[in-house]
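The primary structure of each chain is shown beneath.
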Amino acid sequence: MNNKFTTYLLYAIGEIVLVVVGILIAVSIDNWNTSRIESKKEQVYIHNIQRDLKEQLLKIDNQIRFESEIADIAYPIIAHYKTH
């Protein structure tokens, strides 16, 4: 009787260990998958930020060019009125 109890106890412990190992593997896979998804999202965010920054820099360059052209036109006119 004692031998059967020990056998069943070892079997139960083995089953518990297998369940725990299975759960740990499942959690590990889920964490890996979540990390992979987050990494892809980060790459998309970085790409979008880079694109937006390039667009903003282009707009700033265009604005500087426009302001410079206006200044090139305005300074001679201002100088002319200052002398007269």
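Further up the page is the structure itself.
Every chain is numbered on its own, with residues counted from 1 as its sequence reads. For this predicted model, a pLDDT threshold of at least 70 governs which residues receive local features, and a threshold of 80 or more governs which side-chain atom pairs are given and counted, while totals over whole chains, interfaces and linings are taken from all residues. Values reported for side chains reflect all heavy atoms of the structure, with hydrogen atoms and water molecules removed beforehand.

Section: the overall build of the protein chain
Check the secondary structure of the protein chain and you find one helix and zero strands. In this treatment the radius of gyration is a C-alpha quantity, and the globule benchmark scales as 2.2 Å times the residue count to the 0.38 power. Taken over C-alpha atoms, the radius of gyration comes to 36 Å for the protein chain, far larger than the 12 Å a tight globule of 84 residues would show. For the protein chain, the C-alpha atoms occupy an extent of roughly 120 × 15 × 5 Å along the three principal directions. With a 1.4 Å probe rolled over the protein chains alone, any residue whose accessible area is under 20% of its type maximum counts as buried; one over 50% counts as exposed, and the rest are partly exposed. By residue count, 0% of the 84 residues in the protein chain fall in the buried class. Comment: elements are numbered from the N terminus, with helices defined as DSSP H or I runs of at least four residues and strands as E runs of at least two.

Focus: the pattern of salt bridges
Each salt bridge in this description consists of a side-chain nitrogen of Lys or Arg and a carboxyl oxygen of Asp or Glu lying within 4 Å of one another. Using the criterion set out here, one finds three salt bridges in the structure. Between Glu-38 and Lys-41 there is a salt bridge, and its shortest N-O distance comes to 3.9 Å. Taken together, the residues span about one helical turn, with Glu-38 and Lys-41 both in helix α1 (residues 2–83) at a distance of three residues. The closest approach of N and O atoms between Asp-52 and Arg-51, which form a salt bridge, is 3.3 Å. The class of Asp-52 is partly exposed, set by a relative accessible area of 36%. Given a relative accessible area of 39%, Arg-51 falls into the partly exposed group. When salt bridges that share partners are traced, they join Arg-51, Asp-52 and Glu-55 into one network.

Some details on the packing of aromatic side chains
Each aromatic pair joins two rings of Phe, Tyr and Trp (for Trp, the six-membered one) with centres within 6.5 Å, and gets the label stacked for planes under 30 degrees apart, edge-to-face for over 60, and tilted for any other angle. By the definition in use, this model includes zero aromatic pairs. A cation over a ring is seen here: Arg-36 above Trp-32, with NZ or CZ 5.5 Å from the ring centre. Only when the NZ atom of a Lys or the CZ atom of an Arg is both within 6 Å of the ring centre and within 35 degrees of the ring normal do we say a charge sits over the ring.

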